[in-house]
Amino acid sequence: MRISSVGTAYPPNRYHQSVIAEALRDRWQHKMEEPRLLTRLHANCGVEYRHTVFPLEQYPALDTFRKTNDAWIKAAVDLGQQAICRSLDHAGISPEDISAIFFASVTGISSPTVDARLINRLPFPVNIKRTPIFGLGCVAGAAGIARASDYVRAFPTHYALLLSVELCSLTWQDDDQSIANLISSGLFGDGAAAVVIAGAETELGRQNRGPRVLSTRSTFYRNTERVMGWDIVESGFKIVLSPDVPRVVEENLLQNVEGFLADNNLTRDDISTYIFHSGGPKVLEAMQTSLGLPPDALAPSWKSLREVGNLSAASVLAVMEDYLKVHPGKPGSYSILAAMGPAFCSELVLLQW
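Residues numbered from 1 in each chain as written. Predicted model: local features only at pLDDT ≥ 70, side-chain atom pairs only at ≥ 80, totals over all residues. Heavy atoms only, no water.

**Student:** An account of helix H6 (residues 179-187) is needed here, citing residue identities and associated values.
**Tutor:** A turn of α-helix holds 3.6 residues, and therefore any two residues three or four places apart point the same way. Judged by how many residues are buried, H6 sits mostly within the fold: 7 of 9 residues are covered. Ala180, Asn181, Leu182, Ser184, Ser185, Gly186 and Leu187 are the residues of H6 that are buried. (Buried < 20%, exposed > 50% of the residue type's maximum accessible area, 1.4 Å probe, protein only. Helix = DSSP H or I, 4+ residues; strand = E, 2+ residues; numbered from the N terminus.)

What follows is the structure, given as structure tokens:
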């Protein structure tokens, strides 16, 4: 089974980080003791540009959870369709070829889910199997690849599709001037990514095109539920973002990776590339420190952070697209794709090119 293609899609509104910071400072300054704090926090997020689903001047009108969530549904369907079509075009297959669709998001809710709405737009089979995933946050991109791989392992003649749409700008909270909300409003961006996973007995699965998924590993860290996530309040999703995130990464990632590799008869010396979620400067630095990686080892992850921000579940998929198009591994080499997120937890995927 292989990761055959990745397609990304971004909203048309793209702003420099300083422009977003200025807009939010003007919007919130009467509620803040020190408005310049927002500018300083945004400048330290490692982000230069971000996409937003709406022009910045339209956000103040989205003043209820219903308005933001209705906007999320419409935009998620539109952006998700773009990402799916690009991933299928890259793979050279059509919606009719897909047997299962996995949808991951943590920035909005709907029933019917976004994947169901897309089946009404695109000619997917009517007997397609759907698995919507909510609540995994940043880890859901890697977890989605793992779950889709589990599916095609059981059905090797099938193709599975993973879609993630994250519209983080729709979770900005006007009445929360906590450090966590100020940081998240400077870190997270909007975007979508879709991935085609080919079963081993499909035409794409038999081709030497895209990395094979060899193994996956989920690890749950007990009693860490306040490290990252949402509080659901009257106005929508209120960020939970602890400063302990880098510490949790440093304390757990190395042993997770080494144990995972040992169970696959490998060591860190066998890994040529690390395809990591662009969680933010402190998270990426903690990943590098924990694994003893050289400064340029996570260059595509840093690049994604600079150019589009942290896309939550879609981030690691966007980084994977960069590896497929620009930095593919040498034949036979190994990579680890990884992300961490709410619970707190990690997801590791072992790939071979």
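**Student:** Help me get a handle on the pattern of salt bridges, residues and values and all.
**Tutor:** Pairing between side chains of opposite charge can happen when their charged atoms approach one another. For the coordinates displayed, the defined rule picks out 19 salt bridges. One salt bridge in this structure joins Asp70 and Arg66, with 3.7 Å as the shortest N-O distance. Linking Asp70 with Arg66, this pair stays in helix H3 (residues 65-91), spanning 4 residues, or about one helical turn. On the basis of relative accessible area, Asp70 is assigned to the partly exposed category, the value being 42%. Among the charged side chains, a network of salt bridges with common partners joins Arg147, Asp150, Arg153 and Glu347. (Salt bridge = Lys/Arg side-chain N within 4 Å of Asp/Glu carboxyl O.)

**Student:** Describe in detail the packing of aromatic side chains, supporting the description with residues and values.
**Tutor:** Inspection of the entire model under this criterion finds 8 aromatic pairs. Ring geometry for Phe54 versus Tyr59: centroids 6.0 Å apart, planes at 75°, classification edge-to-face. In this structure Tyr59 comes out as buried when scored by relative accessible area, which is 2%. For the ring pair Tyr59 and Trp172, a centre distance of 5.0 Å and an interplane angle of 45° mean the geometry is tilted. With Tyr59 in the loop between strand S3 (49-52) and H3 and Trp172 in the loop between strand S6 (159-167) and H6, this pair connects stretches of sequence that are 113 residues apart. By relative accessible area, Trp172 is classed as buried at 9%. In textbook terms, an aromatic cluster arises when at least three aromatic residues are bridged by ring pairs, as seen for Phe65, Phe134, Trp230 and Phe237. One cation-aromatic arrangement involves Arg14 over Tyr49; the distance from NZ or CZ to the ring centre is 4.0 Å. (Phe/Tyr/Trp six-rings, centres within 6.5 Å; stacked < 30°, edge-to-face > 60°. Lys NZ or Arg CZ within 6 Å of the ring centre and 35° of its normal.)

**Student:** So what's going on with the nonpolar core? Residues and values would help.
**Tutor:** Judged by nonpolar contacts, the single largest core of 47 residues is most densely connected at Ile84, Phe124 and Leu167. Broken down by secondary-structure element, the contributors of at least two residues to this core are helix H1 (17-28), helix H2 (36-43), H3, strand S4 (98-105), helix H4 (114-119), S6 and strand S7 (190-198). Counting residues per element, this core draws most heavily on H3, which supplies 11 residues. Leaving out residues up to four positions away in the same chain, Phe124 has contacts with Ile84, Pro95, Ile98, Ile101, Leu118, Ile119 and Leu161. (Core = buried A, V, L, I, M, F, W, Y, C linked by side-chain atoms within 4.5 Å. Contact = heavy atoms within 4.5 Å.)

**Student:** I'd like a description of unusual backbone geometry, backed by residues and values.
**Tutor:** Backbone torsion omega between Ser111 and Pro112 reads 5°, so that peptide bond is classified as cis. With respect to the helices and strands, Pro112 occurs in the loop between S4 and H4. Each neighbour pair has its own omega, and for Ala343 with Phe344 the value is -10°, a cis peptide bond. Residue position: Phe344 is located in the loop between strand S12 (334-341) and strand S13 (345-352). The phi dihedral of Asn265 is positive, around 60°, even though this residue is not glycine. By secondary structure assignment, the location of Asn265 is in the loop between helix H8 (245-263) and strand S11 (271-276).

**Student:** Report on the pairing of S6, specifying residues and quantitative values.
**Tutor:** Most of S6 is tucked away, with 9 of its 9 residues classed as buried. Alternating positions in S6 separate into two faces, Tyr159, Leu161, Leu163, Val165 and Leu167 on one and Ala160, Leu162, Ser164 and Glu166 on the other, with burial throughout. Two elements, S4 and S6, share 6 bridges in a ladder whose sense is parallel. Each residue of the ladder has a partner; that of Phe103, found in S6, is Leu163. Here S6 pairs with S7 via 9 bridges, running antiparallel. Note on S7: the bridge partner recorded for Ala160 is Ile197. (Pairing = 2+ DSSP bridges.)

**Student:** Go over the side chain of Ser301 with me, naming the residues and quoting the values.
**Tutor:** In this structure, Ser301 sits in helix H10 (residues 299-308). Among the polar contacts listed, one links the side chain of Ser301 to the backbone oxygen of Phe276, at a separation of 2.6 Å. (Polar contact = N/O pair within 3.5 Å; in protein donor to acceptor, adjacent residues only side chain to side chain.)

**Student:** How would you summarise the packing of H2 against H6 if you had to cite specific residues and measurements?
**Tutor:** In a packed pair of helices, the relevant descriptors are the angle between the two axes and the axis-to-axis distance. The interhelical angle for the contact between H2 and H6, taken along N-to-C directions, is 50°, at an axis separation of 8 Å. By the criterion of interaxial angle, the relationship of H2 to H6 is oblique. When the axes of H2 and H6 are compared, the crossing they make is right-handed. Within the contact between the two elements, H2 uses Leu37, Leu38, Leu41 and His42 and H6 uses Ile179, Leu182, Ile183, Ser185 and Gly186. Tallied by class, residues from the contact of H2 with H6 come to 6 nonpolar, 3 polar and no charged. (Axes fitted to C-alpha atoms, helices over the stretch in contact; angles between N-to-C directions. Parallel < 35°, antiparallel > 145°, perpendicular 65-115°, else oblique. Left-handed = near helix turned anticlockwise from the far one by under 90°. Nonpolar A, V, L, I, M, F, W, Y, C, P; charged D, E, K, R; others polar.)

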